[in-house]
Amino acid sequence: YWFVQLGLPESRTAVALSVYSFSGTLGAFLGGTLSDRFGRKAVLVLTAVLAIPLYLALLVVPPQTWLYLPVLAVTGAFMNAGIPVAVVMAQEHEPKQIATVSGLLMGFTWGFAGLLYAVIGPLVERFGVLPTLSVLGVLFLPALVITLSLREPRSEEQDGVLGARAA
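Thresholds applied
- The residue count restarts for each chain, going from 1 along the sequence in the order it is written.
- Totals for whole chains, interfaces and linings use all residues, but because this is a predicted model, local features are given only for residues with pLDDT of at least 70 and pairs of side-chain atoms are given and counted only at 80 or more.
- The basis for the side-chain values is all heavy atoms of the structure; hydrogens and waters are excluded.
- The numbering of helices and of strands both runs from the N terminus, where a helix is a DSSP run of H or I of at least 4 residues and a strand a run of E of at least 2.
- Multiplying 1.5 Å by the helix residue count minus one yields the expected span of that helix.
- Each residue is placed in one exposure class: buried if its accessible area under a 1.4 Å probe, protein chains only, is under 20% of its type's maximum, exposed if it is over 50%, and partly exposed if it falls in between.
- Pairs of residues are marked as contacts when any of their non-hydrogen atoms sit within 4.5 Å.
- When two rings of Phe, Tyr or Trp (its six-membered ring) have centres within 6.5 Å they constitute a pair, described as stacked for plane angles under 30 degrees, edge-to-face for angles over 60, and tilted for the intermediate range.
- Think of a patch as exposed residues, more than 30% relative accessible area, with no salt bridge, where like charges cluster within 9 Å and nonpolar side chains (Val, Leu, Ile, Met, Phe, Trp, Tyr) cluster within 5 Å.
- Note on areas: these come from Shrake-Rupley sampling with a 1.4 Å probe, and a residue is covered only by the protein chains present in the view.
- Salt bridge, as used here: a side-chain nitrogen of Lys or Arg that lies within 4 Å of a carboxyl oxygen of Asp or Glu.
- In this text, buried Ala, Val, Leu, Ile, Met, Phe, Trp, Tyr and Cys residues form a nonpolar core when linked through side-chain atoms within 4.5 Å.

(A) Geometry of helix α2 (residues 10–38). Helix length check: α2 (29 residues) gives 40 Å between terminal C-alpha atoms against 42 Å at 1.5 Å per residue, within 8%. For α2, the full list of buried residues reads Arg12, Ala16, Ser23, Gly24, Gly27, Gly31 and Ser35. Glycine 39 sits one or two positions beyond α2 and adopts a positive phi of about 105 degrees.

Structure, rendered in structure tokens:
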């Protein structure tokens, strides 16, 4: 819709969607790899902190310029890097309820996003894409606060040590 309003050809939209999808997939692998090395919370905090300037960059960099696609690629990677990390972190917090927490987390995420479409669509039509997306960017702030409040899940090794001490 935004690209159409800007008069960009459909081919540019297709390339942009492909870049975002591909980089999002790479970001998911990157997030998982980094979380195994540096910890789940560290990756979630990093992606939450980077989400704000990257999102703003997407709003500021004109889609007609050559710079837009690299910014879109980096944004896609980091915006999606935390998704599998959050699922694994939830599973590690509740190891006896892996399917339940995965279903709740993913169901809530996609369900909430689906509900927001009904609100965001009319806002975009009334106020435009950029003003609406600019206001929605405020949602990154509570997400960052929640991310900072998370605790790193205990590992199985820690549970074994704690269990041995309790016995």
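(B) Highlighting the side chain of serine 102. Along the chain, the position of serine 102 falls in helix α5 (residues 98–127). Classification of serine 102 by relative accessible area gives buried; the value is 16%. Residues contacting serine 102, with those up to four places away along its chain left out, are Val87, Gln91 and Gly107.

(C) Broad picture of the packing of aromatic side chains. On inspection of all chains with the given rule, the structure shows 5 aromatic pairs. Plain terms: the ring middles of tryptophan 2 and phenylalanine 3 are 6.1 Å apart, the flat faces sit at 55 degrees to each other, and that makes the pair tilted. We note that tryptophan 2, like phenylalanine 3, is buried. Plain terms: the ring middles of phenylalanine 108 and phenylalanine 112 are 5.7 Å apart, the flat faces sit at 15 degrees to each other, and that makes the pair stacked. Of this pair, phenylalanine 108 and phenylalanine 112 both sit in helix α5, 4 residues apart, which is roughly one turn of the helix. Judged by its relative accessible area of 57%, phenylalanine 108 falls in the exposed class. Taken together, the aromatic side chains of Trp2, Phe3 and Tyr68 make up a single cluster linked through ring pairs.

(D) Molecular detail of a nonpolar patch on the surface. A contiguous nonpolar surface patch, about 260 Å² in accessible area, is contributed by Val119, Leu123 and Phe127. Owing to a relative accessible area of 46%, valine 119 belongs among the partly exposed residues under this scheme.

(E) Here's a closer look at the nonpolar core. Trp2, Phe3, Ala16, Leu58, Tyr68, Leu69 and Leu72 are the most contacted members of the largest nonpolar core, which has 13 residues in total. At the level of secondary structure, the elements contributing two or more residues to this core comprise α1 (2–5), α4 (68–93) and α5. Among the elements that make up this core, the one with the highest residue count is α4 (4 residues). Sequence-distant contacts of leucine 58, defined by excluding residues within four places in its chain, comprise Trp2, Tyr68, Val71, Leu72 and Thr75.

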